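# Architecture and fold: a report
So the chains spell out like this:
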Amino acid sequence: KKVKRILIIGIYGSGKSTLADGLSGVLGVRVYDQDDIKYIRKYDKKRTISDIKKEILKISKRKEWIFSGTWLDNSLPLYKKADLVIFLNIPKYKIYSRILKRHFQRKKDGQKYIDRGIKSTYHIMKLVREYFYNTNSFITYEKHRGYFKKYAKKVYIIKNNKDIERLIRELR
């Protein structure tokens, strides 16, 4: 059976968007990114929770989609409708490295993204630390695992590039 609905989850810097774009190229399926749903104008004007839930529900009812994000409750319809949930369980050092690389690349490219300089990058790195170590944090590693164990039909856990290559071979 062809996989038509894919939910990609993981913390900031885990490679969700990169994987979603790659799978979209292979499968010819449209990508929806959490930030495109969260914001009316990217990284500036946020949607209300009610509007976010409406958008998520609309996406979940489509025949094909790839959705990448970190959300739990707001994306429950996606967990339930996904043919495949991909959990990016990437080593912490790699995540921190990617976040720093992204920061300096954006700076080099002159991008303006509600950037408070290194402070916003530091804040994201702090959230990553909380994801792994603070069980009281809103989104945690264990909460992600609990969600896909409870709601997902099929889960694929990615730890490295070999896992990605294997997944792409299986989906072709």
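Look up a bit, the structure's there.
Because the structure is a prediction, the values reported are computed rather than measured. (Residues numbered from 1 in each chain as written. Predicted model: local features only at pLDDT ≥ 70, side-chain atom pairs only at ≥ 80, totals over all residues. Heavy atoms only, no water.)

## Here's the deal with the overall build of the protein chain
For clarity, the threshold we go by: Put simply, DSSP marks the helices as runs of H or I at least four residues long and the strands as runs of E at least two long, and each gets a number from the N terminus on. The globule rule used here is 2.2 Å times the number of residues to the 0.38 power, and the radius of gyration it is set against is calculated over C-alpha atoms. Relative accessibility under 20% of the residue-type maximum defines a buried residue, over 50% an exposed one, and the middle range a partly exposed one, all with a 1.4 Å probe and only protein chains included. By definition in these notes, contact holds between two residues if any of their heavy atoms fall within 4.5 Å. The protein chains shown are the only cover counted for residues, whose accessible areas, like all others here, come from Shrake-Rupley with a 1.4 Å probe. A positive count includes Lys and Arg, and a negative count includes Asp and Glu. His and the chain ends are not counted in either. The location of each charge is read from NZ of Lys, CZ of Arg, CG of Asp or CD of Glu.
The secondary structure content of the protein chain amounts to 8 helices and 7 strands. On C-alpha atoms alone, the protein chain measures out to a radius of gyration of 16 Å, which is about the 16 Å that the 2.2 N^0.38 rule sets for 172 residues. Taking the principal axes of the C-alpha coordinates as reference, the protein chain spans close to 45 × 40 × 35 Å. Looking at the protein chain residue by residue over its 172 residues, the buried ones come to 42%. Within the protein chain, residue pairs in contact and separated by at least 24 positions form 68% of the contacts whose partners lie at least 6 positions apart. When the accessible surface of the protein chain is split by element, carbon and sulfur atoms take 51% of a total near 10,300 Å². Between the mean site of the 44 positive side-chain charges and the mean site of the 17 negative ones, the protein chain shows a separation of 2 Å.

## Concerning helix H5 (residues 92-109)
So the rule is basically this: A helix is expected to reach a length of 1.5 Å times the quantity of its residues less one. Taking the helix axis as origin, the arc is that swept by the directions to the C-beta atoms.
Its 18 residues place the ends of H5 26 Å apart at the C-alpha level, agreeing with the 26 Å of an ideal helix rising 1.5 Å per residue. All of the buried residues along H5 are Ile95, Ile99, His103 and Arg106. The buried side chains of H5 occupy one side of the element, clustering within an arc of 75 degrees when seen end-on. Opposite its buried face, H5 presents the exposed residues Tyr93, Lys101 and Lys108, each directed more than 90 degrees away. In this structure, the buried residues of H5 make contact with helix H6 (118-133).

## Here's the deal with the packing of H5 against H6
Which entries qualify depends on this criterion: To obtain each axis, a line is fitted to C-alpha atoms, and for helices this fit is confined to the stretch in contact; angles are then taken between N-to-C directions over 0 to 180 degrees. Any angle that is under 35 degrees is reported as roughly parallel, and any over 145 degrees as roughly antiparallel; angles of 65 to 115 degrees are reported as roughly perpendicular and all others as oblique. Helix crossings get a hand from a simple test, with the near helix turned counterclockwise from the far one by less than a right angle marking a left-handed crossing and a clockwise turn marking a right-handed one. By the convention adopted, Pro, Cys, Tyr, Trp, Phe, Met, Ile, Leu, Val and Ala count as nonpolar, Lys, Arg, Asp and Glu as charged, and the other residues, Gly among them, as polar.
Running from N to C, H5 and H6 point in directions that differ by 165 degrees, and their axes come no closer than 10 Å. When the axes of H5 and H6 are compared, the pair comes out roughly antiparallel. Note on packing geometry: the crossing formed by H5 with H6 is right-handed. Here Lys92, Ile95, Tyr96, Ile99, Leu100 and His103 of H5 lie close against H6, whose contacting residues are Ile118, Thr121, Ile124, Met125, Val128, Arg129, Phe132 and Tyr133. Taken together, the residues of the contact of H5 with H6 break down into 10 nonpolar, 2 polar and 2 charged.

## Quick notes on the layout of surface pockets
Basically, it comes down to this: Lining residues are those with an atom within 4 Å of a point, where the points come from a 1 Å grid over the protein atoms alone and group into cavities, where a 1.4 Å probe fits but cannot get out, or pockets, open sets with protein on both sides within 12 Å along at least five of seven lines. Grid points are joined across faces, edges and corners, and a volume is the space filled by probe spheres set on the points.
The volume enclosed by the second largest pocket comes to roughly 150 Å³. Contributing to the lining of the second largest pocket are 13 residues, with Ser14, Gly15, Arg98, Asn161 and Ile164 lying nearest its centre. Elements represented by at least two residues in the lining of the second largest pocket include exactly helix H1 (16-27), H5 and helix H8 (161-171). For the lining of the second largest pocket, a count of residues per class yields 5 nonpolar, 5 polar and 3 charged.

## Some details on the sheet that holds strand E5 (residues 65-69)
What counts here: Strand pairing is assigned whenever DSSP detects at least two bridges linking the two strands.
The 5 strands are arranged E2-E5-E1-E6-E7 in an open sheet whose pairing can be described as parallel. For this open sheet the edge positions go to strand E2 (31-33) and strand E7 (155-158), each flanked by a neighbour on one side alone. For this sheet the average axis-to-axis angle between neighbouring strands, irrespective of direction, equals 20 degrees. Relative to E5, E2 is paired through 3 bridges, and the arrangement is parallel. Across the sheet, residue Val31 finds its bridge partner in E5, namely Ile66.

## Observations concerning the pattern of salt bridges
This is how the line gets drawn: We define a salt bridge as a contact between a side-chain nitrogen of Lys or Arg and a carboxyl oxygen of Asp or Glu at a distance within 4 Å.
The full count for this structure, using the stated rule, is 3 salt bridges. We note a salt bridge from Lys2 to Glu64, for which the minimum N-O separation is 3.6 Å. With Lys2 in the segment before strand E1 (5-9) and Glu64 in the loop between helix H3 (49-60) and E5, the pair connects residues that are 62 residues apart, well separated along the chain. Judged by relative accessible area, Lys2 falls into the partly exposed class, the value being 43%. Arg166 is the partner of Asp163 in a salt bridge, and the nearest nitrogen-oxygen pair spans 2.9 Å. Taken together, the residues Asp163 and Arg166, both in helix H8 and 3 residues apart, mark about one turn of the helix. Exposure remark for Asp163: the relative accessible area of 11% places this residue in the buried category. Given the relative accessible area of 36%, Arg166 is considered partly exposed.

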